[in-house]
Amino acid sequence: MATSGTTWKLADHPKLPKGKIIAVVVLDGWGEASPDKYNCIHVAETPMMDSLKNSAPDRWRLVKAHGKAVGLPTDDDMGNSEVGHNALGAGRIFAQGAKLVDNALATGKIYEDEGFNYIKESFANNTLHLIGLMSDGGVHSRLDQLQLLLKGASDRGAKRIRVHVLTDGRDVVDGSSVGFAETLEKDLAELRGKGIDAQVASGGGRMYVTMDRYENDWEVVKRGWDAQVLGEAPHKFTSVVEAIQKLREAPNTNDQYLPPFVIVDESGKPVGPINDGDAVVTVNFRADRMTMLAQALEYEKFDKFDRVRFPKIRYAGMLQYDGELKLPNHYLVSPPLIERTSGEYLVNNGIRTFACSETVKFGHVTFFWNGNRSGYFNSELEKYVEIPSDSGITFNVQPKMKALEIGEKARDAILSRNYDQVRVNIPNGDMVGHTGDIEATVVACKAADQAVKMILDAIAEVGGIYMVTADHGNAEDMVKRDKKGEPLVGKDGKVQIQTSHTLQPVPVAIGGPGLAGGVKYRKDVPNGGLANVAATVINLHGFVAPDDYETTLIEVVD
């Protein structure tokens, strides 16, 4: 249903006609990087995408798909499929990450949502554990958010709270961990004064304990697991301030690499191992260095290290760290609810819409595109088709995935002339790229290119217009690199494969026989991002975008 109070009528574009069928193709995980053997897009046979790039330079450009361009706190933050499709569909940049948490805490909404109510079930008889970076750096976490969550949880029934701290020294000055620990201890002492059993249970330096990323070194996560869950560590102290001060006395020690420690009581017993029935929250809002721990806490089937025991807990992340894996399944802060998306505007202006992908990305081209909203805006004008993804195998086993089937569905929708917009997500570059299998990712990119050709051939047949873009990078750089950009080599002498998203820009290509001859990319939007795509698509449909949308990427030259 349309949002009440909104004027939905879009003005006619003064130079671009209505009535053209538009194909919007999102190549998932398809960024632009220097050509080398680790760039699977470059290595793969991709004649269709190559021709878009090389044949019409005025109609091919790059846009940003990470960091502030998609609402994340810093430009060191990789883009992801969820925020990428939010930006593509919404036409505006919405707060993601830290700002979302700030808003949820300020309004109290965090305590009303499903995630908090899920962990609250443990408050009466069990312990609430909070694990995360103890820092005000604002890159992965913020101490003030932890403080507010401590107060909010204790006000709402948490009687026994344990905090498992990770010291920073990377996003803040080395040595500042002592001050942060003193601040935290003061808050915990105040809670104890109110009859709440609240104290720090364990700790360690972020680069040595827990906060590894991209599956680089599971031993880092295991050290944290042993301290946080099992209550076992090589160093034992009676307070967190003492622990940090004593451990920092060792030569060449800093906050980032403090060894794991546990806090013990007078009898030497650890004060806070995680046990059956407890609630656990990972308080970092940034995903990359929480995802591995989240897997260990959530997955019953887990083979990365010996967990010794796997407690039955109620676990929630501050946010959901991976929308593709739905990891974790529970989270305290939901994605932003975005009003007035391009899809809603277009449907309210009579644009008949077809959207399709396979299961792993179907939600992105529908739910996330539509502002984190389920269902149709108008079921009479929209049709969403989900093709079941392969199950029971990793994606590198069948790297073509369902690309050709998606292409066929889109082709048929275009040729039916029943739709004004045909929108698809082709997942191969991202989902196969995540496996780290370079050979399979090359096959995946070729299949994605074949699907694009199928769709663009249909557009040519009906005299339509295409836009081909991506949501973030992945397949274009499959190796970890040093500061000079050279591939990193591991202890075994082999290059270190990268399975994560990247910070690379992504292409936006437009064309087709229905595109007016004078259309080209503007020169005055050099820092365009994914949010600029929505206004551009609205223009291609023959309308002027809403005033508060990020500006269109195109102009019409007479």
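Rules used throughout
- Residues numbered from 1 in each chain as written.
- Predicted model: local features only at pLDDT ≥ 70, side-chain atom pairs only at ≥ 80, totals over all residues.
- Heavy atoms only, no water.
- Core = buried A, V, L, I, M, F, W, Y, C linked by side-chain atoms within 4.5 Å.
- Buried < 20%, exposed > 50% of the residue type's maximum accessible area, 1.4 Å probe, protein only.
- Helix = DSSP H or I, 4+ residues; strand = E, 2+ residues; numbered from the N terminus.
- Phe/Tyr/Trp six-rings, centres within 6.5 Å; stacked < 30°, edge-to-face > 60°.
- Lys NZ or Arg CZ within 6 Å of the ring centre and 35° of its normal.
- Polar contact = N/O pair within 3.5 Å; in protein donor to acceptor, adjacent residues only side chain to side chain.
- UniProt positions renumbered as here; feature names shortened; annotations may be inferred.
- Axes fitted to C-alpha atoms, helices over the stretch in contact; angles between N-to-C directions.
- Parallel < 35°, antiparallel > 145°, perpendicular 65-115°, else oblique.
- Contact = heavy atoms within 4.5 Å.
- Nonpolar A, V, L, I, M, F, W, Y, C, P; charged D, E, K, R; others polar.
- Pairing = 2+ DSSP bridges.

## Section: the nonpolar core
By size, the foremost hydrophobic cluster in this structure holds 76 residues, and its most contacted members are Leu128, Ile161 and Leu332. A per-element tally of this core places helix α7 (residues 177–193) first, with six residues. Counting 71 residues, the second-largest nonpolar core is a separate cluster that includes Val83, Val385, Ala403 and Met467.

## Considerations on the packing of aromatic side chains
Taken as a whole and judged by the stated rule, the model has twelve aromatic pairs. For the pair tryptophan 218 and phenylalanine 302, a centre-to-centre distance of 5.5 Å together with 80 degrees between the ring planes defines the contact as edge-to-face. Within this pair, whereas tryptophan 218 is found in helix α8 (residues 218–230), its partner phenylalanine 302 is found in the loop between α10 (291–298) and β9 (314–317), the two being separated by 84 residues in sequence. With respect to burial, tryptophan 218 and phenylalanine 302 carry one shared label: buried. Measuring from ring centre to ring centre gives 5.3 Å for phenylalanine 354 and tyrosine 419, while their planes differ by 55 degrees; the resulting arrangement is tilted. Highlighted residues: phenylalanine 354 in strand β10 (residues 353–358) and tyrosine 419 in the loop between α13 (403–416) and β12 (421–426), separated in sequence by 65 residues. Given a relative accessible area of 4%, phenylalanine 354 falls into the buried group. Put simply, the rings of Trp218, Trp225, Phe302 and Phe305 pair up and form one aromatic cluster. Geometry around tyrosine 208 places arginine 223 over its ring, the cationic atom sitting 3.7 Å from the centre.

## A few points about helix α3 (residues 81–90)
Within α3, ten of the ten residues are buried, which leaves the element mostly enclosed by the surrounding structure. Regarding α3, the residues found buried are Ser81, Glu82, Val83, Gly84, His85, Asn86, Ala87, Leu88, Gly89 and Ala90. Capping the start of α3 is the job of one residue whose side-chain oxygen sits 3.0 Å from the backbone nitrogen of glutamate 82: asparagine 80. One or two residues past the end of α3 sits glycine 91, with phi positive at roughly 75 degrees.

## Observations regarding the UniProt feature "binding site: Mn(2+) 1" (unreviewed entry) in the protein
When the UniProt feature table is mapped to this numbering, "binding site: Mn(2+) 1" (unreviewed entry) covers Asp430, His434 and His501. The annotated residues occupy 72 residues of the chain but converge on a single region, no pair of C-alpha atoms lying more than 8.0 Å apart. Within the secondary structure, aspartate 430 is located in helix α14 (residues 428–433). Overall, the relative accessible area of 0% leaves aspartate 430 in the buried class.

## Focus on the packing of helix α6 (residues 143–155) against α7
One way to put it is that α6 packs onto α7 with a least axis distance of 11 Å and a crossing angle of 10 degrees. In terms of their interaxial angle, α6 and α7 are classed as roughly parallel. Across the interface between the two elements, Leu143, Leu146, Gln147, Leu150 and Ser154 of α6 pack against Phe180, Thr183, Leu184, Asp187, Leu188 and Leu191 of α7. Classifying every residue of the contact of α6 with α7 by side-chain character gives seven nonpolar, three polar and one charged.

## Quick notes on the sheet that holds strand β7 (residues 261–263)
Pairing between the strands of a sheet comes from backbone hydrogen bonds, and it takes one of two forms, parallel or antiparallel. Read from one edge of the open sheet, seven strands run β6-β7-β5-β4-β3-β8-β9, paired in mixed fashion. Both edges of this open sheet fall to β6 (235–237) and β9, since each of them pairs with a single strand only. Geometrically, the sheet is characterised by an average inter-axis angle of 20 degrees between neighbouring strands, direction not taken into account. Both strand β3 (residues 128–134) and strand β8 (residues 279–282) contribute to a ladder of four bridges, which runs parallel. Bridge pairing in β8 links histidine 129 to valine 280. In the packing of α7 onto the sheet, contacts are made with β3, β4 (160–167) and β5 (197–205), and the angle to β5 comes to roughly 160 degrees.

## Some details on unusual backbone geometry
The omega angle of the peptide bond from leucine 327 to proline 328 is -10 degrees, so this bond is cis rather than trans. In this fold, proline 328 is placed in the loop between β9 and α11 (342–348). In this model, asparagine 252 sits at a positive phi of 60 degrees, which is unusual for a non-glycine residue. With phi around 55 degrees, arginine 340 is a residue other than glycine that occupies positive phi space. Along the chain, arginine 340 falls in the loop between β9 and α11. Given a relative accessible area of 17%, arginine 340 falls into the buried group.

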